[in-house]
Amino acid sequence: MSKRYTAEFKRDAVELALASGKTVTEVARDLGVSPESLRGWVKQAKADRGQGPEGALTSDEKEELRRLRRENREQQQTIEILKKGLAFFAKDTMK
């Protein structure tokens, strides 16, 4: 089971990792988090600041993408339901 960290904890951990002069692994060990998690948080924080690699999505962009994908999925389900209903009623009127 993975731990959940608050946004404030992540933000503070990232700032510590960037400002301390220590390696990410050292800071992670000091904080009791996995180095992979801290590396991910640092990478995302840099992207959010416009310092990430070309094409890296910000947190806001990732959230918007999740929201749009969810809406798309819901709309596709609605379309399928409407198609089935239309087919049912079309068959019924052909009798």
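Just above, that's the structure.
Below is a summary of the structure that appears in this document. (Residues numbered from 1 in each chain as written. Predicted model: local features only at pLDDT ≥ 70, side-chain atom pairs only at ≥ 80, totals over all residues. Heavy atoms only, no water.)

1. So, the environment of Thr 25
You can see Thr 25 is positioned in helix α2 (residues 24-31). Given a relative accessible area of 29%, Thr 25 falls into the partly exposed group. Separated by 36 residues in the primary sequence, Thr 25 and Glu 61 place their C-alpha atoms 28 Å from one another. When sequence neighbours within four positions are dropped, the list of residues in contact with Thr 25 reads Pro 35 and Arg 39. Within the local environment of Thr 25, its side chain forms a polar contact with the side chain of Arg 39, the two groups lying 3.0 Å apart. (Helix = DSSP H or I, 4+ residues; strand = E, 2+ residues; numbered from the N terminus. Buried < 20%, exposed > 50% of the residue type's maximum accessible area, 1.4 Å probe, protein only. Contact = heavy atoms within 4.5 Å. Polar contact = N/O pair within 3.5 Å; in protein donor to acceptor, adjacent residues only side chain to side chain.)

2. Quick notes on the packing of helix α1 (residues 7-19) against helix α3 (residues 35-48)
In contact at an axis separation of 9 Å, α1 and α3 are set at 90 degrees when each is read in the N-to-C sense. Between α1 and α3, the interaxial angle falls into the category roughly perpendicular. Residues Phe 9, Lys 10, Ala 13, Val 14, Ala 17 and Leu 18 of α1 touch α3, and the partners they reach there are Leu 38, Trp 41, Val 42, Ala 45 and Lys 46. Partitioning the contact of α1 with α3 into residue classes produces nine nonpolar, no polar and two charged. (Axes fitted to C-alpha atoms, helices over the stretch in contact; angles between N-to-C directions. Parallel < 35°, antiparallel > 145°, perpendicular 65-115°, else oblique. Nonpolar A, V, L, I, M, F, W, Y, C, P; charged D, E, K, R; others polar.)

3. What about the environment of Glu 63?
With respect to the helices, strands and loops of the structure, Glu 63 is situated in helix α4 (residues 59-93). What makes Glu 63 partly exposed here is its relative accessible area of 39%. Along the primary structure Glu 63 and Thr 6 are separated by 57 residues, whereas in three dimensions their C-alpha atoms are 17 Å apart.

4. Section: the pattern of salt bridges
Per the stated rule, a full pass over the model turns up six salt bridges. The partner of Glu 15 in a salt bridge is Arg 49, with the nearest N and O atoms 2.1 Å apart. Pair noted here: Glu 15 is in helix α1 and Arg 49 is in the loop between α3 and α4, with a separation of 34 residues, a long-range link. (Salt bridge = Lys/Arg side-chain N within 4 Å of Asp/Glu carboxyl O.)

5. Considerations on the nonpolar core
The nonpolar side chains of a soluble globular protein tend to be buried with one another. Ala 13, Val 14, Ala 17, Val 27, Ala 28, Val 33, Leu 38, Trp 41, Val 42 and Ala 45 form the largest nonpolar core, which has ten residues in total. Counting only elements with at least two residues in this core, the list comes to α1, α2 and α3. Here this core takes four residues from α3, the largest share from any one element. If sequence neighbours within four positions are ignored, Val 27 has contacts with Ala 13, Leu 16, Ala 17, Ser 20, Lys 22 and Leu 38. (Core = buried A, V, L, I, M, F, W, Y, C linked by side-chain atoms within 4.5 Å.)

6. Some points on the layout of surface pockets
Considering only enclosed or pocket space, the largest pocket measures out at about 360 Å³ in volume. Taken together, 14 residues make up the lining of the largest pocket; nearest its centre are Lys 10, Trp 41, Gln 44, Asp 48 and Ser 59. At the level of elements, α1, α3 and α4 are the ones that each hand at least two residues to the lining of the largest pocket. (1 Å grid on protein atoms, 1.4 Å probe; cavity = no way out; pocket = protein on both sides within 12 Å on 5 of 7 lines; lining within 4 Å. Points joined across faces, edges and corners; volume = space filled by probe spheres on them.)

7. Side note on the packing of α2 against α3
A pair of packed helices is characterised by two quantities: the angle between their axes and the separation of those axes. Look at α2 against α3: their axes get within 8 Å of each other, and the N-to-C directions meet at 115 degrees. Crossing handedness for the pair α2 and α3: right-handed. Residue-level contacts link Val 24, Thr 25, Val 27 and Ala 28 of α2 to Pro 35, Leu 38 and Arg 39 of α3. (Left-handed = near helix turned anticlockwise from the far one by under 90°.)

Note that every value here comes from positions in space, so none of it alone points to a role or purpose.
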